[in-house]
Amino acid sequence: QVQLVESGGGLVQPGGSLTLSCAASGSIFRINTMGWYRQGPGKERELVATITSIGIINYEDSVKGRFTISRDNAKNTVYLQMKSLKPEDTAVYYCRLAQGNGPRENYWGQGTKVTVTD
């Protein structure tokens with residue numbers, strides 16, 4: 001089992017910045033993918049960004065150039081630096097860790113709320 005604990009959400013004005021953190025603990029494989037997903041009001045959960053344990057990164061188009069995902073493998077922690085935040089970035093942000101191939105294991109954090117508003 002793996003536990004994920006997110007932190008860093010909050011209220012911010014448009015154009016502002018926030019950094020989210022997600023610390024993983026438990027039975028973590030050396031090879032895994034960690035990422036951030038979000039679910040806005042009335043919307044389905046969507047991918048924001050992912051990063052593999054060897055640093056391969058993928059971003060959703062709307063956050064490219066504004067968000068930066070990174071990870072510290074020694075701390076089993078993934079970060080999401082968010083800049084130039086827009087009201088449409090308002091959502092609950094979830095951390096995910098995926099590992100294994102038979103079967104694939106998926107773990108989710110409890111979510112941290114980000115609200116972008118004047």
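You'll find the structure just up there.
Scoring rules and cut-offs
- Residues numbered from 1 in each chain as written.
- Predicted model: local features only at pLDDT ≥ 70, side-chain atom pairs only at ≥ 80, totals over all residues.
- Heavy atoms only, no water.
- Helix = DSSP H or I, 4+ residues; strand = E, 2+ residues; numbered from the N terminus.
- Phe/Tyr/Trp six-rings, centres within 6.5 Å; stacked < 30°, edge-to-face > 60°.
- Buried < 20%, exposed > 50% of the residue type's maximum accessible area, 1.4 Å probe, protein only.
- Lys NZ or Arg CZ within 6 Å of the ring centre and 35° of its normal.
- Pairing = 2+ DSSP bridges.
- Disulfide = S-S within 2.5 Å.

Asker: Would you mind going over unusual backbone geometry with me for this structure?
Answerer: Glycine aside, a negative phi is what most residues show, and trans is what most peptide bonds show. Positive phi, close to 50°, is recorded for asparagine 76, a residue that is not glycine. Within the secondary structure, asparagine 76 is located in the loop between β7 (67–72) and β8 (77–82).

Asker: Looking at this structure, how should I read the packing of aromatic side chains?
Answerer: The description of two aromatic rings rests on the distance between their centres and on the angle between their planes. Summed over the entire model, instances satisfying the criterion amount to 1 aromatic pair. An angle of 65° between the planes, with centres 5.0 Å apart, marks the rings of tyrosine 37 and tryptophan 108 as edge-to-face. Placement of the pair is tyrosine 37 in strand β4 (residues 32–39) and tryptophan 108 in strand β10 (residues 105–108), with a sequence separation of 71 residues. On the basis of relative accessible area, tyrosine 37 is assigned to the buried category, the value being 12%. With a relative accessible area of 36%, tryptophan 108 lands in the partly exposed category. Across from the ring centre of tyrosine 94, 3.8 Å away, lies the NZ or CZ of arginine 45, which sits over that ring. One Lys or Arg, arginine 45, reaches over the ring of tryptophan 108 and ends 4.6 Å from the middle of that ring.

Asker: So what exactly am I meant to see when it comes to the pairing of β4 here?
Answerer: Across a regular strand the side chains alternate sides, sitting on one face of the sheet and then on the other. With 6 of its 8 residues buried, β4 lies for the most part within the structure. Sheet topology places β4 next to strand β9 (residues 91–99); 8 bridges connect them, and they run antiparallel. Paired with glutamine 39 across the strands is valine 92, a residue of β9.

Asker: Would you take a moment to explain the pairing of β9 for this structure?
Answerer: By the criterion of burial, β9 is predominantly enclosed, with 7 of the 9 residues buried. Bridge count between β9 and strand β11 (residues 112–116): 3 bridges; the pairing is antiparallel. Directly across from tyrosine 93, in β11, lies its bridge partner threonine 112. The pairing of β9 with β10 spans 4 bridges and is antiparallel.

Asker: Is there a simple way to think about the environment of tyrosine 79 in this case?
Answerer: Take tyrosine 79: it is sitting in strand β8. C-alpha of tyrosine 79 to C-alpha of isoleucine 51: the two residues are 28 residues apart in sequence and 9.9 Å apart in space.

Asker: Explain the state of the cysteines to me, please; I cannot follow it from the model alone.
Answerer: Each disulfide consists of one covalent bond between the sulfur atoms belonging to two cysteines. For the structure shown, the criterion picks out 1 disulfide. Put simply, cysteine 22 and cysteine 95 are joined by a disulfide, and their sulfur atoms are 2.1 Å apart. Torsion about the S-S bond of the cysteine 22 and cysteine 95 cystine: about -80°, corresponding to left-handed handedness. Of this pair, cysteine 22 sits in strand β3 (residues 18–26) while cysteine 95 sits in strand β9; the two residues are 73 residues apart in sequence, bridging distant segments of the chain.

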